[in-house]
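Geometric and topological summary
This is what each chain is made of:
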Amino acid sequence: MNENGVSEKEIFAFLNYTKTRDTTYERVLSAMCTHPHKIAVEAHMQFIEANLGDFGLFPGTHDLEKEVIRMMGDLMNGPSVHGYVTTGGTESNIQALRAMRNISNIRHPNVVVPESAHFSFDKIADMLEIKIRKAALNPEFKVDMNSVRSLVDEHTIGLVGIAGSTEFGQIDPIKEMSEFAVEKGIFLHVDAAFGGFVIPFLKHPQPYDFALDGVTSIASDPHKMGFSTIPSGGLLFKDPVHLKHLQTHTPYLTVDTQYSLTGTRSGATVAGTYAVMKHLGKEGYQHIVDQCMELTHMIVTGARDIGIEPLIEPVMNVVALDVPDADSVRKRLREEFGWQVSITRQPRALRLVLMPHVTKKNIELFLHDLKTVCDL
Ligand SMILES: *Cc1c(COP(=O)(O)O)cnc(C)c1O
């Protein structure tokens, strides 16, 4: 570290330059995050010092958090949910499974997740001494219920369903999973990290939320399609007993217990999330999802015009295009044209996420470049 202080001017000159090296999202078709809404940024700045790790000192911010959880619950047919604002889908998934494990108190517990589950579940397997069993997918990339059934045994404490899979944007048969979870008396966590702010606004929303009896917890990220600032995740439980099983005694704070995974935690993202949810309302999110779905249909139609098919009809604003040698197509799109796209694991297809920063003009440009790269 430098011995003497550096002037503000010099530091900002360097930071300004550094920021030019980061993405502006303009040609990013791979991200599930986007520019946060302006009002979220302003509210975030206003609450920049709020620490919800010691919420006794920040009762105002703590009330905002309760209101965010209440609003998110309302969006998910959970009129009286319990939860907190996490750092994102990963923390929400860890905590949901940790709560399941602590409540169940079964030796050598396992949880059945779809093969399409986000990699956060691999971290969970490594951390929580829970075996993660991966159920096969059907040809539509939804979890196959027969596979789920075959993997459940007396050590199974719960199931995970994905409502908006990271790679395909697919929704698992959550209704069937819910019925099965009720029948078995086990938990069902729904990972709607991406889908939580999309599915309620689709033309044909599929059941995925607390309206289903068996759904015991949901993860939904305001920092993805909720337009809040990073890091903002939501973890919601139907029953407050889950939060109780996450509690740790916290000596030397103004409050006696804490249920979050992190200690010190940002109240700024809570304020950001509160502001943008209030400001947009359901109407605002509806408009955004409509736009993203229009872009999605535009890209699928355009791809079909040049002979490229999607692996499935897109359910939400995530598309997997079946191109030959997807890895090299991806590389050339990036190196020659500056497009950031990603690849699905199995099968390897070009994965695109149509976030609100994507413009119609850029879709046209992208399709043109895709055609060139694929030699069509
Ligand atoms: C993004 C995502 C996650 C992880 O969320 P982070 O906020 O990146 O921790 C988990 N599950 C799904 C389905 C996701 O799309």
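Because the structure is a prediction, the values reported are computed rather than measured.

Moving on to the overall build of the protein. Summing up its helical and strand segments, the protein has 11 helices and 13 strands in all. Relative to its length of 376 residues, the protein is compact, with a C-alpha radius of gyration of 22 Å against a globular reference of 21 Å. With the C-alpha coordinates of the protein rotated into their principal frame, the extents come out at 65 × 60 × 45 Å. A sequence separation of at least 24 residues applies to 72% of the contacts in the protein between residues at least 6 apart. Seen as two clouds, the 36 positive and the 46 negative side-chain charges of the protein have centres 1 Å apart.

Read from one edge to the other, the open sheet built from four strands follows the order β10-β11-β13-β12, with strand pairing classed as antiparallel. Taken across any chain shown, the strands that pair with only one partner, and hence form the sheet edges, are β10 (309-310) and β12 (342-343). Judged from the two bridges that link them, β10 and strand β11 (residues 318-322) form a sheet pairing that is antiparallel. For proline 310, the partnering residue across the bridge sits in β11 and is leucine 321.

A few words on the sheet that holds strand β6 (residues 217-220). In spatial order, the strands read β1-β7-β6-β5-β4-β2-β3; together these seven strands make up an open sheet with mixed pairing. Either end of the sheet is taken by a strand with one partner, and the two such strands are β1 (82-86) and β3 (131-135). Taking each pair of neighbouring strands and ignoring which way they run, the sheet shows an average axis angle of 20°. Here four bridges tie β6 to strand β7 (residues 233-237), and the two strands are oriented antiparallel to one another. Looking at β7, one finds that isoleucine 218 is bridged to leucine 236. Contacts from helix α5 (residues 120-127) reach β2 (110-114), β3, β4 (156-162) and β5 (187-191), with the element oriented near 145° to β3. Against the sheet, helix α7 (residues 174-184) touches β4 and β5, its axis set at about 170° to β4.

Another aspect to go through is the site of the ligand. In the neighbourhood of the ligand, 14 residues make up the surrounding shell, with Thr90, Asp191, Asp221, His223 and Lys224 lying closest. At 3.0 Å, a backbone N or O of glycine 89 approaches an oxygen atom of the ligand. The fraction of the free accessible surface of the ligand (380 Å²) that becomes covered by protein chains is 86%. The greatest single-element share of the shell around the ligand, amounting to three residues, is contributed by helix α4 (residues 89-104).

Counted residue by residue, β1 has four buried out of five residues, so it is predominantly covered. Summarising the sheet, β1 and β7 pair through five bridges and their orientation is antiparallel. Bridging from a neighbouring strand, threonine 86 pairs with glycine 233 of β7.

For the structure shown, the criterion picks out one cavity of 30 Å³ or more. Estimated volume of the largest cavity: approximately 30 Å³. For the largest cavity, the full set of lining residues is Phe168, Pro310, Ile312, Pro314, Val318, Val319 and Ala320. The leading source of residues in the lining of the largest cavity is β11, at three residues. Of the residues that constitute the lining of the largest cavity, the class distribution is seven nonpolar, no polar and no charged.

A separate point is a nonpolar patch on the surface. Taken together, the side chains of Val6, Ile11, Phe12, Phe14, Leu15 and Tyr17 make up a nonpolar region of the molecular surface, amounting to roughly 580 Å² of accessible area. Among the secondary structure elements, phenylalanine 14 is positioned in helix α1 (residues 8-21). Owing to a relative accessible area of 54%, phenylalanine 14 belongs among the exposed residues under this scheme.

Looking now at the nonpolar core. Core analysis: the biggest nonpolar cluster contains 85 residues, and Leu97 and Leu159 have the highest contact counts within it. No other element matches helix α9 (residues 268-305), which puts 11 residues into this core. Looking at which domains feed residues into this core, each of domain 1 (8-36 + 282-373) and domain 2 (38-278) supplies at least three. Every residue in contact with leucine 97, bar those within four places of it in the chain, is listed here: Val111, Phe121, Ile124, Leu128, Ile130, Ile132, Val160 and His189.

Each assigned domain of the protein is listed here: domain 1 (8-36 + 282-373) and domain 2 (38-278). Just the C-alpha atoms count here: the centres of domain 1 and domain 2 sit 26 Å apart. Contact residues are listed per partner, giving 29 residues for domain 1 and 36 residues for domain 2. Here domain 1 and domain 2 share an interface that buries about 2,700 Å² over both sides, 68% of which is from carbon and sulfur atoms. Remark: the boundary between domain 1 and domain 2 carries two salt bridges. Its salt-bridge partner being arginine 345, residue glutamate 167 comes within 2.8 Å of it at the nearest N-O pair. Between the two partners, domain 1 and domain 2, sit five residue pairs in polar contact (both at pLDDT 80 or more). Put simply, the parts of the chain that give the side of domain 1 that touches domain 2 at least two residues each are α9, β11 and β13 (350-353). With eight residues, α9 is the single largest residue contributor to the side of domain 1 that touches domain 2.

Analysis parameters
Residues numbered from 1 in each chain as written. Predicted model: local features only at pLDDT ≥ 70, side-chain atom pairs only at ≥ 80, totals over all residues. Heavy atoms only, no water. Helix = DSSP H or I, 4+ residues; strand = E, 2+ residues; numbered from the N terminus. Rg over C-alpha atoms; globule rule 2.2 N^0.38 Å. Contact = heavy atoms within 4.5 Å. Lys, Arg positive; Asp, Glu negative; His and termini not counted. Charge placed at Lys NZ, Arg CZ, Asp CG, Glu CD. Pairing = 2+ DSSP bridges. Axes fitted to C-alpha atoms, helices over the stretch in contact; angles between N-to-C directions. Near = heavy atom within 4 Å. Polar contact = N/O pair within 3.5 Å; in protein donor to acceptor, adjacent residues only side chain to side chain. Areas by Shrake-Rupley, 256 points an atom, 1.4 Å probe, with all protein chains shown as cover. Buried < 20%, exposed > 50% of the residue type's maximum accessible area, 1.4 Å probe, protein only. 1 Å grid on protein atoms, 1.4 Å probe; cavity = no way out; pocket = protein on both sides within 12 Å on 5 of 7 lines; lining within 4 Å. Points joined across faces, edges and corners; volume = space filled by probe spheres on them. Nonpolar A, V, L, I, M, F, W, Y, C, P; charged D, E, K, R; others polar. Patch = residues over 30% accessible without salt bridge, like charges linked within 9 Å, V, L, I, M, F, W, Y side chains within 5 Å. Salt bridge = Lys/Arg side-chain N within 4 Å of Asp/Glu carboxyl O. Core = buried A, V, L, I, M, F, W, Y, C linked by side-chain atoms within 4.5 Å. Domains from an automatic or database assignment. Buried area = accessible area lost by both parts, 1.4 Å probe.

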